[in-house]
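Report on the structure
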Amino acid sequence: MSIKSEAIAWVKDYFAKNGNSETKAVIGISGGKDSATVAALCCAALGKDRVIGVMMPNGIQSDIEDSKNICKFLGIKNYTVNIEDAYRGLTCELKKVLGVGVTPAQYNTNTPARLRMVTLYSIAAIEGNCRVSNNGNKSECLVGYFTLWGDGSGDFAPLANLYVSEVIKLGLALGLPEEFVKKAPSDGMSGMTDEDKLGFTYADLEKVARGKTEKMDPALVKTIKGRIKSMAFKKKLLNIPNFMPSTAK
């Protein structure tokens, strides 16, 4: 069975077990390969009438046309919800309450991601009978390149076991144009690509994860392994105590 067939079968099975024949998929469309591939996959598995794309710029997003073009190409219902006012309102209130003048980089990066997930679930609740996708891939998961309770959340994650190279293959197999699946991944906010921020390529990451490091720089291998190890905590949704409350009197 091909990766395309397996992926389509998995999505069909998920919705059959966690919904009904009318349950819809709500997908955040960033303009990158992951969200484009998930949207195309859900169209193939469920039909385009059961797929909703959501674009969520924070103010001005330079590549928003890429997101619009993906929705247009797939012919799916879509919404654009600008989260700028919500982000500014929350930030202003927090600054006032906490007595700070400047918010740190971690806040500036993670808060918009969490507001976007709130937006997706809000649309799912208003539309009714929906499941929200997590568009993350295996490469991103390994190095913790996602925001907890932001883009790291969702109801189903069809790309979770696929490296970036495999996502590209799946996207092309689903009929997406190369411009949608070979675009350099970025957060759409910093002006940098994911690989620029990580300090290594997804191709090198995949080599390390697969144990194919013979021809790689040992220092780079050490860096990547260190990143994987340090981000392992993000894969655990909640750390739950392994003890039970004492019933002794």
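Residues numbered from 1 in each chain as written. Predicted model: local features only at pLDDT ≥ 70, side-chain atom pairs only at ≥ 80, totals over all residues. Heavy atoms only, no water.

**What about the overall build of the protein chain?**
Worth spelling out the cut-off: Helix numbers and strand numbers start at the N terminus; a helix is a DSSP run of H or I with at least 4 residues, a strand a run of E with at least 2. Only the C-alpha atoms count toward the radius of gyration. The rule for a globule is 2.2 Å times the residue count to the power 0.38. Classification of residues uses two cut-offs on accessible area relative to the type maximum, computed with a 1.4 Å probe and protein chains only: under 20% is buried, over 50% is exposed, and between them is partly exposed. Contact criterion: two residues are considered in contact whenever any of their non-hydrogen atoms come within 4.5 Å of each other. Per-residue and other accessible areas were derived by the Shrake-Rupley procedure at a 1.4 Å probe size, with only the shown protein chains allowed to occlude residues.
Tallying secondary structure elements over the protein chain gives 11 helices and four strands in all. Here the C-alpha atoms of the protein chain give a radius of gyration of 19 Å, agreeing with the 18 Å that 2.2 N^0.38 yields for 249 residues. Counting only C-alpha atoms and orienting by the principal axes, one finds that the protein chain spans roughly 55 × 50 × 50 Å. Within the protein chain, the proportion of its 249 residues that are buried is 43%. Counting contacts in the protein chain only where the partners sit at least 6 residues apart, residues at least 24 apart contribute 72% of the total. Surface accessibility of the protein chain: about 13900 Å² in total, with carbon and sulfur atoms responsible for 55%.

**Here's the deal with the pattern of salt bridges**
The criterion, for reference: Salt bridges are counted wherever a side-chain nitrogen of Lys or Arg sits within 4 Å of a carboxyl oxygen of Asp or Glu.
Counted under the stated rule, the structure contains 11 salt bridges. As a salt-bridge pair, Lys183 and Asp63 come within 2.7 Å of each other at their nearest N and O atoms. Of this pair, Lys183 sits in the loop between helix H8 (178-181) and helix H9 (194-198) while Asp63 sits in the loop between strand E2 (51-55) and helix H3 (64-74), placing them 120 residues apart in sequence. Between Glu166 and Arg210 there is a salt bridge, with its nearest N and O atoms 3.1 Å apart. Highlighted residues: Glu166 in helix H7 (residues 164-173) and Arg210 in the loop between helix H10 (202-209) and helix H11 (218-230), separated in sequence by 44 residues. For Arg210, a relative accessible area of 40% gives the class partly exposed. Within the structure, one salt-bridge network assembled from shared partners comprises Asp63, Asp66 and Lys183.

**Quick look at the layout of surface pockets**
The gaps of empty space that remain are located by a probe, the size of a water molecule, rolled over the atoms. Selection criterion: For cavity detection a 1 Å grid was placed over the protein atoms alone, and a set of points counts as a cavity when a 1.4 Å probe fits there but cannot get out; an open set counts as a pocket when protein lies on both sides within 12 Å along at least five of seven lines, with lining residues being those that have an atom within 4 Å of a point. Grid points are joined across faces, edges and corners, and a volume is the space filled by probe spheres set on the points.
Of the pockets and cavities examined, the second largest pocket occupies roughly 220 Å³. Broken down by element, the residue count for the lining of the second largest pocket peaks at five residues, all from helix H1 (residues 3-17).

**Some remarks on the environment of Asn108**
Checked against the element boundaries, Asn108 lands in helix H5 (residues 105-127). Sequence separation between Asn108 and Thr91 is 17 residues; the distance between their C-alpha atoms is 9.1 Å. Beyond its immediate sequence surroundings of up to four residues, Asn108 is in contact with Tyr87 and Thr103.

**A few points about a nonpolar patch on the surface**
Cut-off, in case you're wondering: Within this analysis, patches are made of residues with over 30% relative accessible area and no salt bridge. Like charges are joined at 9 Å or less; nonpolar side chains (Val, Leu, Ile, Met, Phe, Trp, Tyr) at 5 Å or less.
On the surface, Leu90, Leu94, Val97, Leu98 and Val100 cluster together into a nonpolar patch covering about 420 Å² of accessible area. Position of Leu90 relative to the elements: it lies in helix H4 (residues 84-98).

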